[in-house]
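The chain contents come next:
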Amino acid sequence: MTDADDLRARTRALLADRPPATTSRADFLAARFDAGLAWVHYPEGLGGLGAARSLQSVVDAELAAAGAPDNDPRRIGIGLGMAAPTILAYGTEEQKRRFLRPLWLGEEVWCQLFSEPGAGSDLAALSTRAVLGDDGVWTVTGQKVWTSSAHLARWAILIARTDPAQPKHRGITYFLCDMTDPGVEVRPLRQITGEAEFNEVFLTDVRIPDAHRLGEVGDGWQVARTTLMNERVSIGGSTGGRESGMIAPLARTWRKRPERRTHALHQRLITLWVEAEVARLTGERLRQQLAVGQPGPEGSGLKLSFARLNQQISGLEVELLGDEGLLYDDWTMRRPELVDFTGRGPGYRYLRSKGNSIEGGTSEVLLNIVAERVLGLPTEPRTDKDVAWKDLAR
């Protein structure tokens, strides 16, 4: 069994063989992956050593102390947090070896083609169709929306309906989609922030070989649930220390602007600070649980707290600043590579946080998940559960 001492020795050997100061970033990251130090809990040959997930922090601490480069995880977060664990869980050996290495190295950016204009909160009602031809290639046609990083992505995780005669949750199949296919069209969606961080994606006779199907035909909803549970932990589970995330700029503003303080604002700040710390510690506990298995529905509760806190914290920051809080730094239309909450002004944080209760599952849907799958409350009546998708009213 690989233990902490062994991982330290392996990491120091990597640093001695490939000193960060004299090794290119690409070469260092490739050597790290091949040494099994990318994600230590993954199998050998796939960037890991089959070690306990909790031991990743041992490697990360050694690398950080040596000034080693990382793989820019914020830019490739969809690949790392959603595509990779799903491919690991359901992919063939060939798929794992083809996709995981360039994904972790950041050579291939991923996006998520799940939500649709007519199936956002009710994701299982999606209508994008995939039809298998005699040549073993699927033809996919439909539209996806709210797709982060689609303008940067080389690959996408995609769910499509393959059997409309089945109930909506059972006629779905999961695919790995080549975003360079000529049938893929990406259009920017300009948001309230002025940026086009999201996109809508039109799929017209996109061809996907059956070798790029993930899981069995018709089991796409089960595969997608793995993605969704990992997504919610990825969004809501901050890895920063105390007073990190959205509470950090609010606390800085409070300390720098004593003339803006009132007793009422102080009470609200303290309440939000404590809640943010509780959420951070809950996220840490959830990540420790991941060390012994896949994420469960508890991640939905964490993501719920993340959305609510971000909106309340950013609202208090704007209120604290008074007239200054109404200013906005830049309305330029651009298509960013990542969301930078703490690197922009309070106006941006206030506007962008509105999306936190929509992306990664709306707060309304997540409340249902927490109620039914965490608290064990009775499920809501669902009259469409056993009705063929093609017979549903739309």
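Residues numbered from 1 in each chain as written. Predicted model: local features only at pLDDT ≥ 70, side-chain atom pairs only at ≥ 80, totals over all residues. Heavy atoms only, no water.

S.K.: Even after reading the chapter, I still don't get the overall build of the protein chain, so can you show me in this structure?
M.R.: Each helix and strand counted, the protein chain has 11 helices and eight strands in total. Taken over the C-alpha trace, the protein chain has a radius of gyration of 22 Å; the compact-globule value for 394 residues is 21 Å, and the two agree within 12%. For the protein chain, the spread of C-alpha atoms along the three principal axes comes to 70 × 55 × 45 Å. Looking at the protein chain as a whole, 49% of its 394 residues qualify as buried. (Helix = DSSP H or I, 4+ residues; strand = E, 2+ residues; numbered from the N terminus. Rg over C-alpha atoms; globule rule 2.2 N^0.38 Å. Buried < 20%, exposed > 50% of the residue type's maximum accessible area, 1.4 Å probe, protein only.)

S.K.: Looking at this model, I keep getting lost on the nonpolar core. Mind explaining?
M.R.: Generally speaking, soluble globular proteins have nonpolar side chains that are buried together. Of all hydrophobic cores here, the largest spans 34 residues; its most connected members are Trp-39, Trp-110, Phe-114, Ile-157, Ile-159, Tyr-174 and Leu-176. Contributions of two or more residues to this core are made by α2 (25-34), α4 (77-90), α5 (93-105), β4 (155-161), β5 (172-178) and α6 (220-236). Discounting residues that sit within four places of it in the chain, Tyr-174 has contacts with Thr-86, Phe-114, Ile-157, Leu-158, Ile-159, Arg-213, Leu-214, Gly-220, Val-223, Ala-224 and Thr-227. Trp-138, Ala-150, Ala-156 and Ala-160 belong to the second-largest nonpolar core, a separate cluster that totals 18 residues. (Core = buried A, V, L, I, M, F, W, Y, C linked by side-chain atoms within 4.5 Å. Contact = heavy atoms within 4.5 Å.)

S.K.: Looking at this model, I keep getting lost on the environment of Val-370. Mind explaining?
M.R.: Tracing the backbone shows Val-370 in helix α11 (residues 363-374). Taking relative accessible area as the criterion, Val-370 reaches 18% and is therefore assigned buried. Each C-alpha atom of the pair Val-370 and Gly-301 lies 6.3 Å from the other, and the pair is 69 residues apart in sequence. Excluding residues that lie within four positions of it along the chain, Val-370 makes contacts with Ser-300, Gly-301, Leu-304 and Leu-375.

S.K.: In this structure, what is going on with unusual backbone geometry? I would like to understand it.
M.R.: Note: most residues except glycine have negative phi, and most peptide bonds are trans. The backbone of Trp-146 sits at a positive phi, close to 60°, despite the residue not being glycine. By secondary structure assignment, the location of Trp-146 is in the loop between β3 (137-144) and β4. Phi is positive for Asp-205, close to 50°, though the residue is something other than glycine.

S.K.: Explain the packing of aromatic side chains to me, please; I cannot follow it from the model alone.
M.R.: How two aromatic rings sit relative to each other is set out by the distance from centre to centre and by the angle between their planes. All told, the structure shown has 10 aromatic pairs when counted by the stated rule. Ring centres of Phe-33 and Trp-104 lie 6.1 Å apart, and the angle between their planes is 45°; this geometry places the pair in the tilted category. Taken as a pair, Phe-33 in helix α2 and Trp-104 in helix α5 lie far apart in primary sequence, 71 residues in all. Looking at Arg-187, its charged tip hangs above the ring of Phe-202, at a distance of 4.0 Å from the centre. One cation-aromatic arrangement involves Lys-354 over Tyr-350; the distance from NZ or CZ to the ring centre is 4.2 Å. (Phe/Tyr/Trp six-rings, centres within 6.5 Å; stacked < 30°, edge-to-face > 60°. Lys NZ or Arg CZ within 6 Å of the ring centre and 35° of its normal.)

S.K.: Please explain the packing of helix α7 (residues 247-256) against helix α9 (residues 298-321) as it appears in this structure.
M.R.: Helix-helix packing is described using two parameters, namely the angle between the two axes and the distance between the axes. Running from N to C, α7 and α9 point in directions that differ by 20°, and their axes come no closer than 9 Å. Compared by their axis directions, α7 and α9 come out roughly parallel. The way α7 lies across α9 gives a crossing that is left-handed. Packed against α7, whose contacting residues are Ile-247, Pro-249, Leu-250, Thr-253 and Trp-254, the element α9 presents Ile-313, Leu-316, Glu-317, Leu-320 and Leu-321 at the interface. Each residue belonging to the contact of α7 with α9 can be placed in one class, and the counts come to eight nonpolar, one polar and one charged. (Axes fitted to C-alpha atoms, helices over the stretch in contact; angles between N-to-C directions. Parallel < 35°, antiparallel > 145°, perpendicular 65-115°, else oblique. Left-handed = near helix turned anticlockwise from the far one by under 90°. Nonpolar A, V, L, I, M, F, W, Y, C, P; charged D, E, K, R; others polar.)

S.K.: I would appreciate a short explanation of the pattern of salt bridges in the present structure.
M.R.: When the charged atoms of two side chains lie near each other, side chains of opposite charge can form a pair. Under the definition given, this model contains 33 salt bridges. We note a salt bridge from Arg-334 to Asp-330, for which the minimum N-O separation is 2.9 Å. Residue Asp-330 is classed as partly exposed on the basis of its relative accessible area, which comes to 22%. (Salt bridge = Lys/Arg side-chain N within 4 Å of Asp/Glu carboxyl O.)

S.K.: How do you make sense of a nonpolar patch on the surface when you look at a structure like this?
M.R.: A cluster of nonpolar side chains, Ile-270, Val-274 and Val-278, forms an exposed patch at the surface whose accessible area comes to about 240 Å². Along the chain, the position of Ile-270 falls in helix α8 (residues 263-290). Residue classification places Ile-270 among the partly exposed positions, given a relative accessible area of 42%. (Patch = residues over 30% accessible without salt bridge, like charges linked within 9 Å, V, L, I, M, F, W, Y side chains within 5 Å. Areas by Shrake-Rupley, 256 points an atom, 1.4 Å probe, with all protein chains shown as cover.)

S.K.: Where do I start with α4 in this structure?
M.R.: Within an α-helix, residues lying three or four positions from one another point in the same direction, as the helix has 3.6 residues per turn. Relative to the 20 Å expected for 14 residues at 1.5 Å per residue, α4 spans 19 Å between its end C-alpha atoms, a close match to the ideal helical length. In α4, a bend of some 35° at Ala-83 exceeds every other bend along the element, and Pro-85, a proline, comes one to four places later. Restricting attention to buried positions, one finds in α4 the residues Ile-78, Gly-79, Gly-81, Met-82, Ala-83, Ala-84, Pro-85, Thr-86 and Ile-87. (Expected span 1.5 Å × (residues − 1). Bend = angle between axes of the 7 residues up to and from the residue.)

S.K.: How should I be thinking about the side chain of Asp-181 in this particular structure?
M.R.: Tracing the backbone through its elements, the reader meets Asp-181 in the loop between β5 and β6 (184-189). Buried charge without a partner: Asp-181 forms no salt bridge, and the closest opposite charge is Arg-207, 6.3 Å away. One polar contact links the side chain of Asp-181 to the main-chain amide nitrogen of Arg-207, over a distance of 3.4 Å. Beyond its immediate chain neighbours, meaning those up to four positions away, Asp-181 contacts Asp-205, Val-206 and Arg-207. (Lys, Arg positive; Asp, Glu negative; His and termini not counted. Polar contact = N/O pair within 3.5 Å; in protein donor to acceptor, adjacent residues only side chain to side chain.)

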